[in-house]
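Coordinate inspection notes
So you can see what is in the structure, the chains are spelled out below.
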Amino acid sequence: MSAATATPARRFDVQAIRRDFPILSERVHDRPLVYLDSANTSQKPRSVIDAEREVYETYYSNVHRGVYQTSVRAEQAFEAARQKLQRFIGARESREIVFVRGTTEAINLVAYTYGRAQLKPGDEILISAMEHHSNIVPWQMLCEQQGGVLRVAPIDDDGEIVLEEMERLLSPRTRLVAVGHVSNALGTVNPVKRIVELAHARGVPVLVDGAQGVPHLKVDVQDLDCDFYAFSGHKMYGPSGIGVLYGKAALLEAMPPFHGGGDMILSVTFEKTTYNVLPYKFEAGTPNIAGAIALGAAVDYLTDLDMDQVAAHEQELLTYATDALSRVPGLRFIGTARHKAGVLSFVLEGVHPHDMGTVLDYEGIAIRTGHHCAQPVMERFGVPATARASLGIYNTREEIDVLVRGLLKVAEMFR
Ligand SMILES: Cc1ncc(COP(=O)(O)O)c(C=O)c1O
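Residues numbered from 1 in each chain as written. Predicted model: local features only at pLDDT ≥ 70, side-chain atom pairs only at ≥ 80, totals over all residues. Heavy atoms only, no water.

1. A look at the site of the ligand
- Taken together, Thr103, Thr104, His132, Ser134, Asn184, Asp209, Ala211, Gln212, Ser232, His234 and Lys235 make up the full set of residues adjacent to the ligand.
- The side chain of Gln212 places a nitrogen or oxygen atom 2.7 Å from an oxygen atom of the ligand.
- A distance of 2.6 Å is found between an oxygen atom of the ligand and a side-chain nitrogen or oxygen belonging to Lys235.
- Notes on the ligand: free accessible area 390 Å², of which the protein chains cover 86%.
- Partitioning the shell around the ligand into residue classes produces one nonpolar, eight polar and two charged. (Near = heavy atom within 4 Å. Polar contact = N/O pair within 3.5 Å; in protein donor to acceptor, adjacent residues only side chain to side chain. Areas by Shrake-Rupley, 256 points an atom, 1.4 Å probe, with all protein chains shown as cover. Nonpolar A, V, L, I, M, F, W, Y, C, P; charged D, E, K, R; others polar.)

Encoded structure:
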């Protein structure tokens, strides 16, 4: 779309945004809900809820199969959602957008198809030490099956990847680099464009786990030049059970299918099956039709807000929150990278994070406590768990103040 025809972004008014999210007017333990767990899963605006309801109430039918009106309409809306996602992440073609259940399934898809075809005994997969379990375990399983080796680039005390080490670990046996865009446990924004350059210089493709990237940053997969980019709808204000694997068309074309079944074929006989074209080759069976359409509505919502404004709001709030929380006696941040997005992970001296989470819950505050599906990160920093407050478009400075008051109360109780 040319600048002349682009619709101007909606003014970023956090109170107006909050009114779009019905759940934010709920009360918990008779207190206003302070939702600070968007890295876990985000809340949904009314437009997303309405889009999903509209599908079921007015035109729900299967896609790619019917000649009748409701099916045609469902298919058009489903494919329109794919195109919205294509534009949102800057993919070259809509066939590069594969609908999956979420980031986990997207990464497994690549491990089971690309990985199995490429990894020979002794070959290597390179990840970083701050990955979510979803970007560790599929590669471990693949290496076990194929006789491959999992290499891990270390992180420093601030929670940043040691790039020189990562570069050193790129070897003639490396078949894929798999790295998170933003760490869910530390908030670190990784220099993925630089990592892609380093890997491509050695002919190695890169998968980016974008589960925490897409909700907070403007993502342009062509600019990053990554080969795969995986993300989940439920973390970007869309429904759960739907997500995307972006892959460069040439790579997806060359990969064998993942699941076998309906929709992923062109023709089947007992002797031979020919597979469907992209992206359907990877979309076996009936997809999450209403989920994909509602994810399209989430994309509309974010596009309307403009991702630059979203990122600016969250950065401003992150700076405010970092400053406010650092004044809580005994609080120590885990993850102090120079470039962070939306995540504050911390421990409080003498208090187990679960106790902290439980006390805060009675104040109406929802934060996550535990290892955040990143046990190796906990091990790296020598803690069993952390408390994590994570930010979204609807969070305010007042909510951070409520969190700080809650933490002071916790510190007082456990003194
Ligand atoms: C960085 C990262 N990767 C992968 C995942 C897995 O996402 P999903 O559970 O939606 O498949 C998460 C979820 O927390 C995450 O934060």
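2. A word on the nonpolar core
- Membership of the largest hydrophobic core comes to 77 residues, with the highest contact counts inside it found for Ile89, Val177, Tyr229 and Ile393.
- In terms of residue count, the dominant contributor to this core is helix H10 (residues 289–305) (twelve residues).
- When neighbours within four sequence positions are excluded, Ile393 is seen to be in contact with Phe12, Val14, Ile17, Phe21, Tyr237, Tyr301, Leu302, Leu305, Val310, His313 and Glu314.
- Ranked by size, the runner-up nonpolar core spans 28 residues in total, among them Leu36, Leu331, Phe333 and Val410. (Core = buried A, V, L, I, M, F, W, Y, C linked by side-chain atoms within 4.5 Å. Buried < 20%, exposed > 50% of the residue type's maximum accessible area, 1.4 Å probe, protein only. Helix = DSSP H or I, 4+ residues; strand = E, 2+ residues; numbered from the N terminus. Contact = heavy atoms within 4.5 Å.)

3. Topic: the packing of helix H3 (residues 69–89) against H10
- Interhelical geometry of H3 versus H10 gives an angle of 40° and a closest axis separation of 8 Å. Relative to H10, the element H3 lies oblique. In the packing of H3 onto H10, the handedness of the crossing is left-handed. Facing H3, whose interface residues are Ala74, Ala77, Phe78, Ala81, Lys84, Leu85 and Phe88, H10 presents Ile289, Ala292, Ile293, Leu295, Gly296, Val299, Asp300, Leu302 and Thr303.
- A breakdown of the residues in the contact of H3 with H10 according to their chemical character gives twelve nonpolar, two polar and two charged. (Axes fitted to C-alpha atoms, helices over the stretch in contact; angles between N-to-C directions. Parallel < 35°, antiparallel > 145°, perpendicular 65-115°, else oblique. Left-handed = near helix turned anticlockwise from the far one by under 90°.)

4. Here's the deal with the packing of helix H4 (residues 103–118) against helix H5 (residues 137–146)
- Running from N to C, H4 and H5 cross one another at 25°; their axes reach a closest spacing of 9 Å. Accordingly, the angle class assigned to the pair H4 and H5 is roughly parallel. Relative to H5, H4 is oriented so that their crossing is right-handed. Where H4 approaches H5, its residues Ile107, Asn108, Val110, Ala111, Tyr112, Gly115 and Arg116 are matched on the opposing element by Pro138, Trp139, Met141, Leu142, Gln145 and Gln146.

5. Thoughts on the environment of His372
- On the secondary structure map, His372 appears in the loop between strand E16 (368–370) and helix H13 (375–381).
- With residues up to four places along the chain from it excluded, the contact list for His372 reads His132, Asn184, Ala185, Ser345, Met378, Thr386 and Arg388.
- Engagement of the side chain of His372 in a polar contact is seen with the backbone oxygen of Gly370, the distance being 3.2 Å.

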